[in-house]
Amino acid sequence: MTLQTRTAALADLELDDDINARRHRNDEGIEELKASIRAHGLAQSLRVRPAERAGRFRIVAGSRRYRVLCELATSGDSAAGVPVTEEFPVPVIIGYEDDDQTAREISQAENLIRLPQHEADTYETFRELADRGLDEGQIASRFGIDPKRVKRMLALGRLAPVILDWWRSEEQTNETNATVRAFTLAPSIEEQEKLFKKLLKQGDVRAWAVKRALGADNPQAARNIKIAGLEAYKAAGGQMTTDLFGDNHVIADPDIAEKVAEEKIASTIVGLKAEGWSWVSMGADLGYHWEHSWKREKPGHGKATADEKKQITKLKKLATKDNVVAAGHLNDLWKTIAERQWTPEQLGKAGAVVKIGHHGDLEICRGVVKPQAERKTSSTTGAPKEKGPPTISNALHQRLSGQATLAVRQALQQEPRVGLVALLAGFMTHRRMHVDSPVRVYHEGFGKTYGEDKETFASVFARLCDMSDQELFVVAAGCAGEAVHMERHNGKPPFDANAAPLAASIRPDLLTAALQETFDAADYFGGASKPFVITAIREALNDDEARKAEKMKKAELTAFALANVPQTGWLPPELRAPTYSGPGAIPVLTEAPPTEPDADDLVDEEEDEMEDA
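Residues numbered from 1 in each chain as written. Predicted model: local features only at pLDDT ≥ 70, side-chain atom pairs only at ≥ 80, totals over all residues. Heavy atoms only, no water.

A. Structural context of the overall build of the protein. Secondary structure assignment for the protein yields 28 helices and 13 strands. Within the protein, the fraction of its 613 residues that count as buried is 39%. For the protein, the computed accessible surface area is about 34,500 Å², with 52% contributed by carbon and sulfur atoms. (Helix = DSSP H or I, 4+ residues; strand = E, 2+ residues; numbered from the N terminus. Buried < 20%, exposed > 50% of the residue type's maximum accessible area, 1.4 Å probe, protein only. Areas by Shrake-Rupley, 256 points an atom, 1.4 Å probe, with all protein chains shown as cover.)

B. Summary view of helix α15 (residues 306–319). The terminal C-alpha atoms of α15, which comprises 14 residues, lie 20 Å apart, in line with the 20 Å expected from a rise of 1.5 Å per residue. By the burial criterion, the buried members of α15 are E308, I312 and L315. Looking straight down α15, one finds its buried side chains confined to an arc of 75°; they lie on one side. What points out from α15, more than 90 degrees from its buried face, is the exposed set A306, D307, K309, K310, K314 and K317. (Expected span 1.5 Å × (residues − 1). Arc of directions from axis to C-beta.)

C. Quick peek at the nonpolar core. Grouped together as the largest cluster of nonpolar side chains are 45 residues, with contacts concentrated most on Y524, F525 and W570. The set of elements that each furnish at least two residues to this core consists of α18 (394–412), α19 (416–429), α22 (499–505), α23 (508–518), α24 (521–527), α25 (530–540), α26 (543–549) and α27 (554–564). Of the residues forming this core, the biggest block, seven residues, is contributed by α18. Dropping the residues within four chain positions of it, Y524 is found in contact with L396, L400, F519, F532, W570 and P572. (Core = buried A, V, L, I, M, F, W, Y, C linked by side-chain atoms within 4.5 Å. Contact = heavy atoms within 4.5 Å.)

D. Molecular detail of the sheet that holds strand β1 (residues 3–9). In spatial order, the strands read β1-β7-β3-β4-β2; together these five strands make up an open sheet with mixed pairing. Of all the strands in the sheet, the pair left with one neighbour each is β1 and β2 (13–15). With direction set aside, neighbouring strand axes in the sheet form an average angle of 45°. Taken together, the four bridges between strand β3 (residues 46–50) and strand β4 (residues 57–61) define a ladder with antiparallel strand orientation. Bridge pairing in β4 places R47 opposite A61. (Pairing = 2+ DSSP bridges. Axes fitted to C-alpha atoms, helices over the stretch in contact; angles between N-to-C directions.)

E. Region of interest: the pattern of salt bridges. Inspection of the entire model under this criterion finds 21 salt bridges. Across the pair R168 and D165 runs a salt bridge whose closest N-O atoms are separated by 3.0 Å. Placement of the pair is R168 and D165 together in helix α7 (residues 161–169), with a separation of three residues, close to one helical turn. R168 sits in the partly exposed class, given a relative accessible area of 28%. Members of the salt-bridge network, linked through shared partners, are E14, E52, R56 and R58. (Salt bridge = Lys/Arg side-chain N within 4 Å of Asp/Glu carboxyl O.)

F. View of the sheet that holds strand β10 (residues 280–282). Across the sheet, which stays open at both edges, the four strands sit in the order β10-β12-β13-β11 with mixed pairing between neighbours. The outermost strands of the open sheet, each flanked by one partner alone, are β10 and β11 (295–296). Here two bridges tie β11 to strand β13 (residues 362–369), and the two strands are oriented antiparallel to one another. Following the sheet pairing, K295 is matched in β13 by V369.

G. Quick peek at the packing of aromatic side chains. One pass over the full model with this rule turns up 10 aromatic pairs. With centroids separated by 5.9 Å and ring planes inclined at 65°, the aromatic side chains of W166 and F196 adopt a geometry described as edge-to-face. Of this pair, W166 sits in helix α7 while F196 is found in helix α9 (residues 189–202), placing the two residues 30 residues apart along the sequence. Here W166 and F196 have matching classes, each one buried. (Phe/Tyr/Trp six-rings, centres within 6.5 Å; stacked < 30°, edge-to-face > 60°.)

H. Just the pairing of strand β7 (residues 89–95), in detail. As paired strands, β1 and β7 are joined by seven bridges and run antiparallel to one another. By the bridge assignment for β7, A8 is matched with V90. Sheet topology places β3 next to β7; three bridges connect them, and they run parallel. If you follow R47 over to β7, its bridge partner there is I93.

What follows is the structure, encoded as structure tokens:
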């Protein structure tokens, strides 16, 4: 094979796509290659073969280098200080006897037979460049890489030689790389070597062990710095060794981190209150369900102007670099825009929640409406608004509806035919989750039990087949009773439009006796406010006793009601079934409840208790 090494003018070279092993153009690393050729020139000759036209050559290997040279020529750039023009001398190796098959093999060989340089060798070379006086920006421009990446590479290149040698000897895995990076958190090469030898002796050279030994395992402090911002922490006198590869910084002053985080949260809350929201709270203080169940007001048309959008873009870039001043200006700008988004009515009804993520990301949720928030109507006359009727707490209401459930369950089990009808109706209407029927046959009723004593279907089927119709009715009533579920939240009546027909079909004496048995009078009179207890006395006894009761303190009032009201047959409105015959009127159902409950139906008692507080 005859080979010749020489230079050829850039204009005399052309691509040979038919034999190039790179069938798919890949631009990965092309900018780094361009920066290298611009700074150092071509480090490797192009392999070419003669073209049909005399004096020209077709490229067998080196198409990416050729493309970079063409781009440099187009932009009027240079390579190693030499202007790249059509006459630029390109070093080439000419294979005069290369046929198509040989050319394809050579092209494939250049792309396949490459031994990548170990990262440790690369980073040591970068460190040597820095030792010769090149700063991070200069190194970045010469190799076409991001200055931040250069900073990381230099940190690795400056590791203790014993650690770099260990890195070269180990299998290249993510864990190995993470371990090497963790050693950059050590304050000196001496500390690196000392810790490395200690962990090597313990047989635990792993990233988490390195970070733990260096004090980089304080997630709470890291979270606080994330909340407050690194600049705020440093401005308060906090010291830290920055983790160039993640967020596991070595935080020397966790108390300062906690202090600046609290100050950041406090200032955020003050800012939200200044916006005019009726309440402001931390998300952690509201329990779990506020994010999923509480309603949200939608903002109006408070949009940023064109100039404001430009300012926002500029300030965001500065804020991401922990520029406290820029972050403050950005918050002020958002506040100005937010004031155009929300109406006075919305601000009076809704609130704002400060939510902090697991890693310290601070998020503000505006327009959150508490479940029991009253709708505020606008008034142009300034006249005082009428107060709505008092209501019992959600928690007490839920307990009363639970008592109604237990009573219907007890009475229904004594009504075989009604029980069978209820069972079938519940099965047919409750095949999907959360359908709002009083009998839940899949079933999640109050009578659901867990255990290992359940019969198999085959044994139950055989046993039921031997029963008479009347006996089957009794079993059906028992099953229906176990499946009853009428517990309600947020003031919804247990005997609603769906449950009322069921209650009306049960013998009144059975249901009344069950309701009176399950009614917890001490809980009701002790938990309800004075107006409700006085109303009970008025309905069960008379107006005179009610007027006397108005002068009693709550403890005395509760004792009086317990001693005199229950024996009259009085029950709270929530426990008054359609067949109720005791003192007081049966509540009128103004409309049927929805087939599918809204999100409030899925809020548990823990949230209700919180709201009551």
